[in-house]
Amino acid sequence: MKKIISLIVLCVSTLSIQAQKFALIDMDYVLKNIPAYERANEQLSQVSKKWQAEVDALTTEAQTMYKNYQNEVVFLSAEQKKARQDAIMQKEKEAAELKRKYFGPDGELFKKRTSLMTPIQDEVYNAVKDISELRGYQLVLDRASDTGIIFGSPKIDISAEVLGKLGYAN
């Protein structure tokens, strides 16, 4: 009796899996073909380089202060040594704080990336959702980010359709 029930459950689950429709999308391809995304990436890159230069300048200044301190340490009094060490530590702390401010988990770069990318990602998501509802897809997988996909038929790739819906036909 258990074998019959197991066989029935297997048949029903197999039928339900076969009834589902799937699609693939290559998000890298889609995003690279959206000019606003490329502009946002370029803007983020420029801001990141600028901020990194500021952090590097403070770090270099702290390193220079330390090298000068090492060269002059034998000529300094205890008070002067303490003052220089404090100044060096303060400069290193400033550099670390600036780095955290710009590049930390809730830093300025994260906020800027979110403000620039979220509208684009939402637009793509809505296009995928509309196409999925229109075509009856229960699942859309991103072939660019999922390394578990070994092969996906081009027939079920909706990347070009999504770009078309967004007005970026290739």
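J.: Before we go on, may I ask you to explain the overall build of the chain in this structure?
T.: Within the chain, the regular secondary structure consists of six helices and two strands. Secondary structure elements in the chain, listed N-terminal to C-terminal, are α-β-α-α-α-α-β-α. When burial is assessed residue by residue, the chain has 24% of its 170 residues classed as buried. Counted over contacts in the chain with a minimum sequence separation of 6, partners at least 24 positions apart contribute 77%.

J.: Looking at this model, I keep getting lost on the packing of helix α3 (residues 35-72) against helix α4 (residues 78-103). Mind explaining?
T.: A pair of packed helices can be characterised by two numbers: the angle between their axes and the separation between those axes. At their nearest, the axes of α3 and α4 sit 9 Å apart, and the two run at 165 degrees to each other. Considering the angle they form, α3 stands roughly antiparallel to α4. α3 and α4 meet at a crossing whose hand is left-handed. Looking at the contact of α3 with α4 residue by residue, the class counts come to 13 nonpolar, five polar and nine charged.

J.: When you look at the packing of aromatic side chains in this model, what are you seeing that I'm missing?
T.: In this description, an aromatic ring pair is defined by two values, namely the gap between the centres and the angle between the planes. Applying the stated criterion to the full structure yields two aromatic pairs. Seen from their ring centres, tryptophan 51 and tyrosine 102 are 4.5 Å apart, and the 5 degrees between their planes marks the pair as stacked. Of this pair, tryptophan 51 sits in helix α3 while tyrosine 102 is found in helix α4, placing the two residues 51 residues apart along the sequence. Here tryptophan 51 matches tyrosine 102 in class, with each residue buried. For the ring pair tyrosine 102 and phenylalanine 103, a centre distance of 6.3 Å and an interplane angle of 80 degrees mean the geometry is edge-to-face. Judged by relative accessible area, tyrosine 102 falls into the buried class, the value being 8%. Joined through ring pairs, the aromatic side chains of Trp51, Tyr102 and Phe103 make up one cluster.

J.: How should α4 be read in this particular structure?
T.: Residues that lie three or four places apart on an α-helix share one face, since the helix turns once every 3.6 residues. Spanning 26 residues, α4 covers 37 Å between terminal C-alpha atoms, matching the ideal 38 Å at 1.5 Å per step. Every buried residue of α4 is accounted for by Ile88, Lys91, Ala95, Leu98 and Tyr102. On its buried face, α4 sits against α3 and α5 (108-135).

J.: Please clarify how the pattern of salt bridges should be interpreted in this entry.
T.: For side chains of opposite charge, pairing can occur when their charged atoms come near one another. Enumeration over the complete set of coordinates arrives at eight salt bridges. Lysine 91 is paired through a salt bridge with glutamate 61; the nearest N and O atoms lie 3.1 Å apart. Remark: glutamate 61 occurs in helix α3 and lysine 91 occurs in helix α4; sequence separation between them is 30 residues. Close ionic contact of arginine 135 with glutamate 161 constitutes a salt bridge, the shortest N to O distance being 2.6 Å. Within this pair, whereas arginine 135 is found in helix α5, its partner glutamate 161 is found in helix α6 (residues 159-166), the two being separated by 26 residues in sequence. We classify arginine 135 as partly exposed; its relative accessible area is 38%.

J.: Where do I start with the side chain of serine 132 in this structure?
T.: Residue placement: serine 132 occurs in helix α5. A relative accessible area of 9% means that serine 132 is categorised as buried. Excluding anything up to four places from it in sequence, serine 132 contacts Tyr137 and Val140.

J.: Would you explain the side chain of lysine 91 in this entry?
T.: Residue lysine 91 is classed as buried on the basis of its relative accessible area, which comes to 14%. Within the structure, the side chain of lysine 91 is placed 3.1 Å from the side chain of glutamate 61, a separation counted as a polar contact.

Analysis parameters
- Residues numbered from 1 in each chain as written.
- Predicted model: local features only at pLDDT ≥ 70, side-chain atom pairs only at ≥ 80, totals over all residues.
- Heavy atoms only, no water.
- Helix = DSSP H or I, 4+ residues; strand = E, 2+ residues; numbered from the N terminus.
- Buried < 20%, exposed > 50% of the residue type's maximum accessible area, 1.4 Å probe, protein only.
- Contact = heavy atoms within 4.5 Å.
- Axes fitted to C-alpha atoms, helices over the stretch in contact; angles between N-to-C directions.
- Parallel < 35°, antiparallel > 145°, perpendicular 65-115°, else oblique.
- Left-handed = near helix turned anticlockwise from the far one by under 90°.
- Nonpolar A, V, L, I, M, F, W, Y, C, P; charged D, E, K, R; others polar.
- Phe/Tyr/Trp six-rings, centres within 6.5 Å; stacked < 30°, edge-to-face > 60°.
- Expected span 1.5 Å × (residues − 1).
- Salt bridge = Lys/Arg side-chain N within 4 Å of Asp/Glu carboxyl O.
- Polar contact = N/O pair within 3.5 Å; in protein donor to acceptor, adjacent residues only side chain to side chain.

Without other data, these values stay purely geometric and don't point to any function.
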